[in-house]
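Each chain, letter by letter, is given below.
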Amino acid sequence: MSDSVKPLYSEAEIGERIIAMAKDIAKSGKKEMVVVSLLKGSFIFTADLVRALSDCGVRLQVEFLGLSSYGNSTQSSKKVSIVQDMKTEIVGKDVIIMDDILDTGRTLHFASNLLRDRGAKSISVAVMLEKPGKRVVSIDADYIGFTIPDRFVVGYGLDYAGFYRELPFIGVLQQH
Ligand code: XMP
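Here's what I pulled together on the structure shown here. (Residues numbered from 1 in each chain as written. Predicted model: local features only at pLDDT ≥ 70, side-chain atom pairs only at ≥ 80, totals over all residues. Heavy atoms only, no water.)

## Overview of the packing of helix α1 (residues 11-26) against helix α2 (residues 43-55)
Following both chains from N to C, one finds α1 and α2 inclined at 55°, their axes separated by 9 Å at the closest point. Taken together, α1 and α2 sit at an angle that is classed as oblique. The crossing of α1 and α2 is right-handed. Across from Ile18, Met21, Ala22, Ile25 and Ala26 in α1, the residues of α2 making contact are Phe45, Asp48, Leu49, Ala52 and Leu53. Tallied by class, the residues present in the contact of α1 with α2 amount to 9 nonpolar, no polar and 1 charged. (Axes fitted to C-alpha atoms, helices over the stretch in contact; angles between N-to-C directions. Helix = DSSP H or I, 4+ residues; strand = E, 2+ residues; numbered from the N terminus. Parallel < 35°, antiparallel > 145°, perpendicular 65-115°, else oblique. Left-handed = near helix turned anticlockwise from the far one by under 90°. Contact = heavy atoms within 4.5 Å. Nonpolar A, V, L, I, M, F, W, Y, C, P; charged D, E, K, R; others polar.)

Below, the structure written as structure tokens:
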């Protein structure tokens, strides 16, 4: 079996959305925030969005949180756990979580509860992609790059079996 990737959003389209998202986030009026980037899939999205936010005059600290979903075959039994924790103190701080894709919502729900329990003053959520109608837990993103159909996508940080993260565009994985 061989794979190919059918482009969905080009590098230029992504770049435009990143600038628009940064402007929206800056409109919140928060001058300083702690970014919590969820590994691994969000590393490219985060790199682009933090630089766009800097252009909008927002001062940032950047942290990385590694979460993994595990469990047996049934989706509803999946649990999220911390595989790499962050170091920055977030008590009383305005936090923005950056994630690659909002699908069932389990990952963001877990991250958001964790950061609230750790004393964040406010928590907002920015995702590059969201798949609507897939939520098994109730969570919404405040800032969304693109809403996509329920297809498996790769590129721009997203992988299939560890590959394709480096692609500058987002595409649908096709297996032949
Ligand atoms: P939940 O279900 O917790 O999942 O919202 C978010 C995580 O699921 C992975 N995911 C994908 N990864 N292409 C990918 O490469 C996809 O189409 C896709 N859909 C979900 C991803 O790790 C994300 O952080």
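The discussion continues.
## Re the sheet that holds strand β1 (residues 3-9)
Spatial strand order, β1-β9-β8: 3 strands in an open sheet with antiparallel pairing. The two strands at the open ends of the sheet, each matched to only one other strand, are β1 and β8 (153-154). Two strands pair when backbone bridges link them, and β8 and strand β9 (residues 170-175) are joined in this way by 2 bridges, in the antiparallel orientation. Following the sheet pairing, Val153 is matched in β9 by Val172. (Pairing = 2+ DSSP bridges.)

## Structural notes on the site of the ligand
As a matter of local geometry, the ligand sits amid 15 residues, with Asp100, Thr104, Gly105, Thr107 and Val153 nearest to it. One of the backbone nitrogen or oxygen atoms of Gly105 is found 2.8 Å away from an oxygen atom of the ligand. Within the side chain of Lys131, one N or O atom sits 2.9 Å away from an oxygen atom of the ligand. Surface burial for the ligand is 81%, taken as the share of its 510 Å² of free accessible area covered by protein chains. Where the shell around the ligand is concerned, the elements lending two or more residues are β5 (94-102) and α3 (106-117). The leading source of residues in the shell around the ligand is β5, at 4 residues. For the shell around the ligand, the class distribution of residues is 5 nonpolar, 3 polar and 7 charged. (Near = heavy atom within 4 Å. Polar contact = N/O pair within 3.5 Å; in protein donor to acceptor, adjacent residues only side chain to side chain. Areas by Shrake-Rupley, 256 points an atom, 1.4 Å probe, with all protein chains shown as cover.)

## Quick notes on the nonpolar core
Grouped together as the largest cluster of nonpolar side chains are 30 residues, with contacts concentrated most on Phe45, Leu49, Met128 and Leu129. Listed by contribution, the elements that provide at least two residues to this core are α1, β2 (32-39), α2, β5, β6 (122-130), β7 (143-147) and β9. What Leu49 contacts, discounting residues up to four positions off in sequence, is Ile18, Met21, Ala22, Ile25, Met98 and Ala126. (Core = buried A, V, L, I, M, F, W, Y, C linked by side-chain atoms within 4.5 Å. Buried < 20%, exposed > 50% of the residue type's maximum accessible area, 1.4 Å probe, protein only.)

## Some thoughts on the environment of Val136
Within the secondary structure, Val136 is located in the loop between β6 and β7. Separated by 70 residues in the primary sequence, Val136 and Gly66 have C-alpha atoms spaced 21 Å apart. The residues touching Val136, leaving out its near neighbours within four places in the chain, are Thr104 and Arg106.

## Quick notes on the environment of Ile101
You can see Ile101 is positioned in strand β5. Residue class for Ile101 comes out buried when judged on its relative accessible area of 17%. Taking C-alpha positions, Ile101 is 16 Å from Leu167, a pair spaced 66 residues apart along the chain.

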